[in-house]
Amino acid sequence: MPRKKKKHHARRITRPAKAHRNKILNRDLDQAYNHFCGSRLHSILTHLESIADESKLARAYLLALQTEIANRRAKKHKGDMRQRLYKTKLSLLNELISHCQLSNYRVERARAHDIGGPSEVLYCYLPGCEQMSWHCNLGALPLPEAQDPWDEKKYSTLKKLEAGLKAEFYFAGVPNDH
């Protein structure tokens, strides 16, 4: 008599590729807490918060960085904490979109081609920074369709933010007048 296959649909099974991606994203975030822009991530966040009221670019980078941190932290957790972090990410994304639109920074949407995840991708272009992207469900937000395709740089948003911050605000860890 043939063996019955077990049903796995009730259990959440992380695919090996997804587990590998999450491991890389979490490792990069853990390293950033100690080494980011010539300083530590917490110090950079504190500095951006202190100048965000005077600089619309600092505010945009702060929101993008907070969004990426919430996104990566959500991948470390399960259950209620994961849901709270994804809600925080979505709230920050909405604030980032509004801020970018008011500041004339480019934000666009595209359809996600991944199976079993959010249906859309948000692309954000800040001065001094390469294309950043986040998978999300944008709903009825009035955003233009993406002009450029995804740059195909995996696991790179945090590194792009760091490079953009160094170019726009920091030189060897010392804040520029911006």
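Since we're looking at a predicted model, the values are computed, not measured.

Peer 1: What's the story with the overall build of the chain in this structure? I'm lost.
Peer 2: From N to C terminus, the chain includes 5 helices and 5 strands. Counted from the first residue to the last, the chain has its helices and strands arranged as α-α-α-α-β-β-β-α-β-β. Burial analysis of the chain (178 residues in total) assigns 41% to the buried set. Sequence separation of at least 24 residues holds for 55% of the intrachain contacts in the chain that already meet a minimum separation of 6. Accessible area for the chain stands at about 11300 Å²; split by element, carbon and sulfur atoms hold 52% of it.

Peer 1: Even after reading the chapter, I still don't get the pattern of salt bridges, so can you show me in this structure?
Peer 2: It is possible for side chains of opposite charge to pair when their charged atoms get near one another. Tallied over the full model, the rule gives 11 salt bridges. With a shortest N-O distance of 2.6 Å, Asp 30 and Lys 76 are connected by a salt bridge. One end of the pair, Asp 30, is in helix 1 (residues 16–34); the other, Lys 76, is in the loop between helix 3 (56–74) and helix 4 (79–103), with 46 residues separating them in the sequence. Residue classification places Asp 30 among the partly exposed residues on the basis of a relative accessible area of 37%.

Criteria and cut-off values
- Each residue is numbered by its place in its chain's sequence as written, counting from 1.
- Predicted model: local features are reported for residues with pLDDT of at least 70 only, side-chain atom pairs are reported and counted for 80 or more only, and whole-chain, interface and lining totals are derived from all residues.
- With hydrogens and water stripped out, all remaining heavy atoms of the structure feed into the side-chain values.
- Secondary structure is summarised from DSSP: a helix means a run of H or I of at least four residues, a strand means a run of E of at least two, and numbering begins at the N terminus for each.
- Relative accessibility decides the category of a residue: with a 1.4 Å probe and only protein chains considered, values under 20% of the type maximum give buried, values over 50% give exposed, and everything between is partly exposed.
- Should any heavy atoms of two residues lie within 4.5 Å, those residues are considered in contact.
- Areas reported here follow the Shrake-Rupley algorithm with a probe of radius 1.4 Å; residue values treat only the protein chains shown as occluding.
- Whenever Lys or Arg places a side-chain nitrogen within 4 Å of a carboxyl oxygen from Asp or Glu, that contact is recorded as a salt bridge.

All we've got here are geometric facts, nothing functional implied.
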